[in-house]
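For reference, the chains in residue letters:
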Amino acid sequence: MKVLKFPLSKITIAFVLGLLFATYIHVPNPYVLLALILSNAIFLLLYFFSSNKTSLYFGLATYFFSFIVGVSNQIVHTDHFQKKNYTHNSKAFDESHSIDLTIREKLKKSAFSDRYIAVINCIGEKEQTGKIILNIQKDDKTPALQVGASLRVEGTLTKNKTPQNPNQFNYSRYLENKQIYAQLYADVNQIKIGSYTDKNIWYYSSKLRSRIISNLEKNNFNKTELNVAVALIMGQQQEIAPEIIRDYQYAGAVHILSVSGLHIGFILLFITFLLKPIPNTRKGSFIKLIIILVSLSTFGIIAGLAPSVLRSVTMFSFVAIGTHLRRSVNIYHTLLVSILLILLFEPSFLFDVGFQLSYTALFFIIWLQPLLKTLCNPKTKIFKYVWDILTVSFAAQIGTLPLSIYYFHQFPGLFFVTNLIIIPFLSIIMVLGVLVMILAAVNMIPLFLSQLLEWSIYYLNKIINTIASLEQFIIQDIPLHFYLLITGYLVVFTIIIWFKKPTFTKLALATASLLMMQISYFTIYYNAIHEEELIVFNSKKSTLIAERRSNAITIYATDSILKMSDKNTILKSYAIENLSCVTRKIKLENYIYFNGKRVYIIDSSAIYPRNVNSDILILTQSSKVNLDRVLQNMKPSLVIADASNFKTIQKNWKASCIKYKIPFHATAEKGFYKLN
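Residues numbered from 1 in each chain as written. Predicted model: local features only at pLDDT ≥ 70, side-chain atom pairs only at ≥ 80, totals over all residues. Heavy atoms only, no water.

Visitor: I keep staring at the overall build of the protein chain and nothing clicks. Help me out?
Guide: For the protein chain, the count of helices and strands is 22 helices and 20 strands. Here the C-alpha radius of gyration of the protein chain, 29 Å, is about what a compact globule of 676 residues would show, namely 26 Å. Dimensions of the protein chain along its principal axes, counting C-alpha atoms only, are 95 × 70 × 60 Å. Expressed as a percentage of its 676 residues, the buried residues of the protein chain come to 47%. Accessible surface, the protein chain as shown: approximately 35800 Å² in total, 63% of it carbon and sulfur. (Helix = DSSP H or I, 4+ residues; strand = E, 2+ residues; numbered from the N terminus. Rg over C-alpha atoms; globule rule 2.2 N^0.38 Å. Buried < 20%, exposed > 50% of the residue type's maximum accessible area, 1.4 Å probe, protein only. Areas by Shrake-Rupley, 256 points an atom, 1.4 Å probe, with all protein chains shown as cover.)

Visitor: So what exactly am I meant to see when it comes to the layout of surface pockets here?
Guide: Over the atoms rolls a probe the size of a water molecule, and in doing so it shows where empty space is left. Volume-wise, the second largest pocket comes out at about 380 Å³. Ser295, Phe299, Ile302, Val434 and Ile438 are, among the 16 residues lining the second largest pocket, the residues nearest its centre. Those elements that provide at least two residues to the lining of the second largest pocket are α5 (201-218), α6 (223-234), α8 (261-274), α9 (282-302) and α14 (415-441). (1 Å grid on protein atoms, 1.4 Å probe; cavity = no way out; pocket = protein on both sides within 12 Å on 5 of 7 lines; lining within 4 Å. Points joined across faces, edges and corners; volume = space filled by probe spheres on them.)

Visitor: Got a minute to help me understand the sheet that holds strand β14 (residues 581-587) in this structure?
Guide: Paired through their backbone hydrogen bonds, the strands of a sheet run either parallel or antiparallel. The strand order β14-β13-β12-β11-β20 describes an open sheet built from five strands, whose pairing is mixed. Edge positions in the sheet fall to β14 and β20 (673-675), since each has one partner strand and no second. Taken pair by pair, the neighbouring strands of this sheet meet at an average axis angle of 20°, ignoring direction. Here strand β12 (residues 544-549) runs beside strand β13 (residues 552-557); their pairing, made up of six bridges, is antiparallel. Counterpart to Arg548 in the pairing with β13 is Ile553. Together, β11 (532-536), β12 and β13 form the strand contacts of helix α19 (residues 569-577), whose direction differs from that of β13 by roughly 160°. (Pairing = 2+ DSSP bridges. Axes fitted to C-alpha atoms, helices over the stretch in contact; angles between N-to-C directions. Contact = heavy atoms within 4.5 Å.)

Visitor: Looking at this structure, I do not really get the packing of aromatic side chains. What am I missing?
Guide: Centre distance and the angle of the planes are the two values used to describe a pair of aromatic rings. A full pass over the atoms with the stated rule returns 35 aromatic pairs. Where Tyr521 meets Tyr525, the ring centres are 6.0 Å apart and the plane angle is 15°; that geometry is what we call stacked. Of the two residues, Tyr521 and Tyr525 are both situated in helix α17 (residues 504-529); the distance of four residues between them amounts to about one turn of the helix. Residue Tyr521 is classed as partly exposed on the basis of its relative accessible area, which comes to 36%. Among the aromatic residues, ring-to-ring pairing joins Phe43, Tyr47, Phe48, Phe58 and Phe65 into one connected group. The lysine or arginine in question, Lys159, covers the ring of Phe93, its NZ or CZ lying 5.3 Å from the ring centre. (Phe/Tyr/Trp six-rings, centres within 6.5 Å; stacked < 30°, edge-to-face > 60°. Lys NZ or Arg CZ within 6 Å of the ring centre and 35° of its normal.)

Visitor: Teacher, can you tell me more about the sheet that holds strand β16 (residues 597-602) here?
Guide: One open sheet holds the five strands; their spatial order is β15-β16-β17-β18-β19, and the pairing between them is mixed. Looking at which strands have only one partner, the edges of the open sheet turn out to be β15 (591-594) and β19 (664-666). Neighbour to neighbour, the strand axes of the sheet diverge by 20° on average, direction disregarded. Packing against the sheet, helix α21 (residues 647-659) makes contact with β17 (616-619), β18 (638-641) and β19, and its axis sits at approximately 160° to β19.

Visitor: I'm lost on the nonpolar core in this one. Help?
Guide: As a rule of thumb, nonpolar side chains are buried together in soluble globular proteins. The biggest cluster of nonpolar side chains holds 96 residues, and the ones touching the most others in it are Leu216, Leu232, Tyr248, Leu343 and Leu460. In terms of residue count, α14 provides more of this core than any other element does, twelve residues in total. With residues near it in sequence (within four places) discarded, Leu216 still touches Phe221, Leu226, Val436, Met437, Ala440 and Ile445. If you look at the next biggest cluster of nonpolar residues, it comprises 23 residues, including Ile132, Ile136, Ala149 and Ala182. (Core = buried A, V, L, I, M, F, W, Y, C linked by side-chain atoms within 4.5 Å.)

Visitor: Can you walk me through the pattern of salt bridges in this structure?
Guide: Enumeration over the complete set of coordinates arrives at 14 salt bridges. When the shortest N-O distance is used, the salt bridge between Glu547 and Arg549 registers 2.5 Å. Judged by relative accessible area, which is 8%, Glu547 ranks as buried. Residue Asp566 pairs with Lys585 through a salt bridge whose shortest N-O separation is 3.5 Å. Of this pair, Asp566 sits in the loop between α18 (559-563) and α19 while Lys585 sits in strand β14, and the two are 19 residues apart along the sequence. Using a relative accessible area of 59% as the deciding quantity, one classes Asp566 as exposed. The exposure class of Lys585 is partly exposed, given its relative accessible area of 42%. By sharing partners, the salt bridges in this structure join Glu531, Glu533, Arg548 and Lys674 into a single network. (Salt bridge = Lys/Arg side-chain N within 4 Å of Asp/Glu carboxyl O.)

Visitor: Just checking my understanding: could you explain the side chain of Asn568 for this structure?
Guide: Residue position: Asn568 is located in the loop between α18 and α19. There is a polar contact of 3.2 Å between the side chain of Asn568 and the backbone nitrogen of Leu571. (Polar contact = N/O pair within 3.5 Å; in protein donor to acceptor, adjacent residues only side chain to side chain.)

Visitor: What am I meant to see in helix α15 (residues 447-468) here?
Guide: Here α15 contains 22 residues, and its C-alpha end-to-end distance of 31 Å stays within 8% of the 32 Å for a straight helix at 1.5 Å per residue. Where α15 is concerned, the buried positions are Leu449, Ser450, Leu453, Glu454, Ser456, Ile457, Leu460, Asn461, Ile464, Ile467 and Ala468. Summarising the axial view, the buried residues of α15 lie within an arc of 160°, below the 170-degree limit, and thus occupy one face. Buried residues along α15 sit in contact with α6, α7 (242-250), α14 and β10 (474-476). (Expected span 1.5 Å × (residues − 1). Arc of directions from axis to C-beta.)

Visitor: Can you help me understand the pairing of strand β2 (residues 113-123) in this one?
Guide: Side-chain direction in a regular strand flips from residue to residue, so the side chains alternate between the two faces of the sheet. Among the eleven residues that make up β2, ten are buried, leaving the element largely enclosed by the rest of the structure. Two successive antiparallel strands, strand β1 (residues 97-106) and β2, enclose a turn made up of six residues. One ladder, built from seven bridges, connects β2 with strand β4 (residues 131-137); its direction is antiparallel. Residue pairing for β4: Val119 is matched across the bridge by Lys131. Looking at chain direction, β2 and strand β3 (residues 126-127) are connected through two bridges and run antiparallel.

Visitor: How should the packing of α14 against α15 be read in this particular structure?
Guide: When two helices pack together, their arrangement is captured by the angle between the axes and the distance separating the axes. α15 packs onto α14 with a crossing angle of 155° between their chain directions and a minimal axis gap of 10 Å. In terms of axis orientation, α14 runs roughly antiparallel to α15. α15 is crossed by α14, and the crossing has left-handed handedness. Taken together, the residues of α15 that come into contact with α14 (itself represented by Val417, Thr418, Ile421, Ile422, Phe425, Ile429, Leu432, Gly433, Leu435, Val436 and Leu439) are Leu449, Ser450, Leu452, Leu453, Ser456, Ile457, Tyr459, Leu460, Ile463, Ile464 and Ile467. Partitioned by chemical class, the residues of the contact of α14 with α15 number 18 nonpolar, four polar and no charged. (Parallel < 35°, antiparallel > 145°, perpendicular 65-115°, else oblique. Left-handed = near helix turned anticlockwise from the far one by under 90°. Nonpolar A, V, L, I, M, F, W, Y, C, P; charged D, E, K, R; others polar.)

And the structure:
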């Protein structure tokens, strides 16, 4: 694999490994500083005094130095290591304070609140730093806050909650990777909007987006199409309806709603076309380069500097610089340099799903597409164009398939049909959209242009909806463990390497990797089918209990929950991760026997047997039972209160359990309970 022969690729890998090491293994800062000084000294000594820069020792010193730079870079960019970060102020999580904030970014609204990313300036009289999520309860008086607005909020910070049920998406870890460690919940009457506005790059970017959207709305641009246009051109998905996003996911086209290389490539071609009248003299070429770099950077800022946008803007900027210098640009070098630069300034992007999918797709397009292209040699231009789109689509899909299944557990079977239809269509929409957005920024939009863009997006949505409606081609609920993800990529890489230049050694490696994948699968499957467990889920305002034996799940719940069990996300994620499926649905009763243990459930009827012992007692539906008397009669070894109970009554139950020295587990506080 030629790309691994580039020194830059090994340096990048060492740097990324350093970021991962610092993320999962905490090393005291003085040791990291010492390692950085020593590795730097060794590198400089070998660089200046070694005559052979290709020697093993110089290579190892370079990679070790890159690794330590990665470790130190991750520590420097991790907010909770900063002394002024609010995570070190324990009182902010226990008591109400006056918290001064600045709005940084508007997020998608939830059912009950408007949501923003905000930066803390001070808590009480103490200067503090760090990002939080601000949740403002929806109300008729709730103001629309602008980016850059300063606020004073009376409230208490709430730490991010870990998953309350098994195998759920870890939203807390997702936020921590974005340096967000807490949330703040507030009503309108707890907020005071200050007169000062922080007019930084985020402020002007937001103002420009708002101006463009406002001018398009004045032109009677349909709201549904406008939201999609804003996503396609400016990368803002906050206002898109969930049904539209679902259609794009099912059709395998959700990537076009996030500004990426495809969009930036169209914009670069469009700008280059507009700059053709400028002569290719030294001065003219330099002016072209500056205009291209400024245009791409401006577009990236307007699009919110998402990981995929940063990657694309950085990479195409290097392509433009290489073209200006009249040098053939090595695309692998460009890719690696863009990774290094982005992660150097924002290492948290490494854990962003969009960043991972974006770079993986681009790498496989560069590496695999030329191989796929050789499988057929169309004679006509039309068929050649169609074949190019198909091979690019398949290369990207092969590369991102393991990651997509790992994160989303589904595979859109008609992705190639979608790309074949929408990519030519998208090129027209992008050129038209950029032109309309520029004119909207100066409030000079011809009506026919805005209508043409609106109709184009309307028909794009119709095409996507038609493809998405063929649900028989959408494979859902696909389980994929982390070990299968790693071995899956090992199989993909070794098979492609063997196809590129077949040898016996490469065939043996491909076979060995396939064997490793099979061993991983059977190990995971063997462990899954030999497990038995009873789970009391933390299901909001309801009781949900599951008994899993091997790969068969029996659920116990009320009739209303049983009817909707197929759509229950808690059950679905649990079943997928454990290679299981629901085989029985039983209406909730008072007794459940599991592995010789007697589990008794007390509901709102408050009925319980006298003088009958129970190993585990589950309290549901805010039962008005006298718990002290129950504990004396049944003598359970554990009491569980699920999320169907009021919080106030759970406090009394907890006090009773403490009185009789019986462990008490409230799922709303501690999450699900598992009995093996």
